Structure formats: C-alpha cells, structure tokens
Amino acid sequence: MRCRCPALKDLFAASCPEVLPPASVRTLYTAQLMIVTIDGVAASGKSSVSGGVARALGVPYVSSGLLYRAATLLGLEAGLDLHDAPALLAHLQTHPLRLEPLAEGNRVWQDGRELTDELHSTRVDRGVSVVAVLPEVRAWVDAQLRALPSPFVAEGRDMGTNVFPRAGAKFYLTASPHIRAQRRAQERPEDVPAIEAALIRRDELDRVQSAPALDAVVIDTGPLTLDGVIQTILAQLPEQVTSA
Ligand SMILES: Nc1ncnc2c1ncn2[C@@H]1O[C@H](COP(=O)(O)OP(=O)(O)OP(=O)(O)O)[C@@H](O)[C@H]1O
Ligand SMILES: Nc1ccn([C@@H]2O[C@H](COP(=O)(O)O)[C@@H](O)[C@H]2O)c(=O)n1
C-alpha cells in the first residue's frame with residue numbers, strides 16, 4: 001500500500017508519519033541516503049562494478065538478483081510450477097534463504113547449504129524472469145533488502161526506482177547485447193550468439209522492472225573497462241555516501 005502523504009508518496013505506508021513517529025521517518029530517510037544503487041540490464045556489469053565500488057567505499061554490496069535466482073533454483077529443485085506464487089512462497093517460508101552481502105562477493109545459504117555456485121546456471125537464467133514477475137516474490141525480496149542496515153551498494157533492476165527511491169546516488173548500466181554476450185562468453189560454455197539471444201530474451205522479460213530511475217546516471221559500459229566504470233561512479237558520489 002502506498003503512503004497517502006504527498007511528501008512521502010514514493011515510500012511505503014510502513015514509513016508514513018501517520019504510522020511512525022517523525023524521528024523514525026527521519027531515520028529511514030537518512031538510512032537510504034547512504035545507499036548507492038546500481039541497476040542495469042542483464043550482464044551489464046552490475047555485480048562486478050558494485051563489488052568494486054563497495055570495496056573502494058569499505059561497505060558491503062547487495063545483489064538482489066541472487067535472491068531471485070535462489071528462489072528460482074529452490075522452485076526448480078522442488079519441481080514446482082514457477083508461475084505458482086503461493087506454492088513458491090510456501091516453499092521459501094519452509095526453506096528460508098539467507099543472503100550474505102560481502103564486499104568480495106555475495107553468498108546465498110539455505111540452512112547449512114551454500115547455493116551461490118549454482119545460481120548462475122543456464123537453467124536458472126532461463127527460469128528466473130518468470131519468478132521475478134510474481135508480485136509476491138518481489139515483495140519477499142524487497143522486504144529482505146529493506147531490512148539490511150545501510151550503508152551499502154545495492155544492485156539489480158529496481159533498486160533506484162522501487163526498493164530505495166531515496167538512495168543517495170543512483171546509476172544505471174547498459175551495453176549492447178553483443179558486447180555483453182562477448183563478456184559473458186568468458187564465463188559460460190555457450191557460444192556468443194546463443195548467449196546474446198538469451199540476454200535479449202531476458203532483457204525483454206525483465207523490461208517492466210528494469211526502467212532506469214529518472215534521477216539515475218546512465219553509463220554505457222561498452223567502451224569502458226571494468227575499472228573505468230568503477231572510477232566513473234566513484235567520481236560522482238556525494239559526500240554523505242563517501243563519508244558514511
Ligand atoms: N566494463 C567492463 N569491461 C569488461 N568486462 C566487463 C565490464 N563490466 C563487466 N565485465 C565482465 O562482464 C561479465 C558480466 O559482468 P557481471 O556478472 O558483473 O554482470 P551483471 O550485470 O551482474 O550480470 P547478471 O545480470 O547476469 O547478474 C563479467 O565477466 C565481468 O567481468
Ligand atoms: N532487482 C531485480 C534483480 C533481479 N531481477 C530478476 O532476477 C534475474 C537475475 O538477476 P541478475 O541481476 O543476476 O541478472 C533478472 O533477470 C530479473 O529477472 C529482478 O527482477 N529485479
């Protein structure tokens with residue numbers, strides 16, 4: 001439910017001054033100001049860049065995509081219909097996932113089992129966009145992200161638009177499908193044309209939640225090195241983020 005107060009209409013009712021005392025609302029605003037969001041299309045460099053920015057700032061980064069991927073993996077392993085939101089959510093509640101947002105790379109755990117290495121498989125790539133459009137799953141991911149203590153760098157598709165609309169700095173990464181596929185081919189067994197076709201399909205399926213925030217700085221990573229993208233972002237961070 002959206003807040004009815006005009007000044008807070010982009011925040012959720014849980015942070016509305018009709019519900020919370022003003023000091024708590026101020027705390028929520030301040031906490032978001034120390035978050036950097038890095039959104040973008042598939043394989044545009046979000047997690048590599050977020051890791052580099054986070055390490056430079058000495059803060060963790062948070063990969064929202066890994067939570068969608070982990071939900072997908074658990075659904076596939078349990079033989080669930082990935083369109084069936086109630087069944088998926090019930091499964092996630094009985095098999096709770098834990099995101100460990102380390103600066104050197106995020107890890108995902110389910111009880112004592114680490115799922116991280118299985119989350120970038122081709123079968124998860126194929127199923128994840130189906131799971132990610134389910135509003136119930138999106139609310140489940142968003143709640144976990146909003147519960148994390150700032151400062152941190154958050155990467156995904158809707159970090160700057162929906163999850164942290166008051167973030168202190170917002171970036172959006174793009175690159176042509178061909179360049180992204182060439183980069184990804186270094187990490188996957190498939191050839192460039194197959195990867196490119198899959199990326200274009202995933203971009204299309206993710207289109208709704210992937211629109212850049214109006215106040216995001218859009219960076220075409222195509223002509224830049226990884227370090228070039230990281231330095232471009234670090235050079236544009238406001239003081240409240242760099243001194244957090
Ligand atoms: N500017 C760059 N120059 C060269 N290679 C890059 C650049 N940015 C990212 N890469 C490489 O591209 C690949 C994809 O990057 P990364 O996994 O960070 O993207 P992503 O947006 O997080 O992907 P996904 O959306 O699938 O999670 C990695 O091999 C990474 O090292
Ligand atoms: N904020 C987000 C993040 C991710 N998704 C969905 O998860 C998929 C995997 O994400 P990657 O960042 O690892 O590519 C992605 O294709 C989306 O379907 C999302 O919807 N919102």
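Residues numbered from 1 in each chain as written. Chains lettered and ligands numbered in written order. Predicted model: local features only at pLDDT ≥ 70, side-chain atom pairs only at ≥ 80, totals over all residues. Heavy atoms only, no water.

Caption draft 1: Main features of the packing of helix α8 (residues 177-184) against helix α9 (residues 192-205). With their axes 8 Å apart at the nearest point, α8 and α9 run at an angle of 125 degrees to one another. Compared by their axis directions, α8 and α9 come out oblique. Every pair of crossing elements has a handedness; the one defined by α8 and α9 is right-handed. Touching Pro 177, His 178, Arg 180, Ala 181, Gln 182 and Arg 184 of α8 are Val 192, Ile 195, Glu 196, Leu 199, Ile 200, Arg 202 and Asp 203, all from α9. Considered class by class, the residues forming the contact of α8 with α9 number 6 nonpolar, 2 polar and 5 charged. (Axes fitted to C-alpha atoms, helices over the stretch in contact; angles between N-to-C directions. Helix = DSSP H or I, 4+ residues; strand = E, 2+ residues; numbered from the N terminus. Parallel < 35°, antiparallel > 145°, perpendicular 65-115°, else oblique. Left-handed = near helix turned anticlockwise from the far one by under 90°. Contact = heavy atoms within 4.5 Å. Nonpolar A, V, L, I, M, F, W, Y, C, P; charged D, E, K, R; others polar.)

Caption draft 2: Representation of the site of ligand 2. Neighbouring ligand 2 are 16 residues, the closest being Arg 69, Arg 138, Arg 202, Asp 206 and Gln 209. One of the side-chain nitrogen or oxygen atoms of Arg 69 is found 2.7 Å away from an oxygen atom of ligand 2. At 2.5 Å from an oxygen atom of ligand 2 is found a side-chain nitrogen or oxygen belonging to Asp 206. Its free accessible area being 450 Å², ligand 2 has 97% of it covered by the protein chains. Looking at the shell around ligand 2 element by element, the count peaks at 4 residues for helix α3 (residues 64-77). (Near = heavy atom within 4 Å. Polar contact = N/O pair within 3.5 Å; in protein donor to acceptor, adjacent residues only side chain to side chain. Areas by Shrake-Rupley, 256 points an atom, 1.4 Å probe, with all protein chains shown as cover.)

Caption draft 3: Highlighting the site of ligand 1. Neighbouring ligand 1 are 20 residues, the closest being Lys 46, Ser 47, Ser 48, Arg 184 and Glu 187. Here an oxygen atom of ligand 1 and a side-chain polar atom of Lys 46 are 2.7 Å apart. Contact distances for ligand 1 include 3.5 Å between a nitrogen atom and a backbone N or O atom of Thr 225. Bound to the protein, ligand 1 loses 83% of the 640 Å² it would expose on its own. Breaking the shell around ligand 1 down by element, the ones donating at least two residues are α2 (46-57), α8 and α10 (226-234). For the shell around ligand 1, the element with the highest residue contribution is α2, accounting for 3 residues. Residue classes in the shell around ligand 1 are distributed as 6 nonpolar, 7 polar and 7 charged.

Caption draft 4: Quick peek at the environment of Leu 82. Along the chain, the position of Leu 82 falls in the loop between α3 and α4 (85-94). The exposure class of Leu 82 is buried, given its relative accessible area of 12%. Put simply, Leu 82 and Val 128 are 46 residues apart on the chain and 8.6 Å apart in space, counted from C-alpha to C-alpha. Excluding anything up to four places from it in sequence, Leu 82 contacts Thr 72, Gly 75, Leu 76, Leu 88, Gly 127, Val 130, Val 131 and Leu 134. (Buried < 20%, exposed > 50% of the residue type's maximum accessible area, 1.4 Å probe, protein only.)

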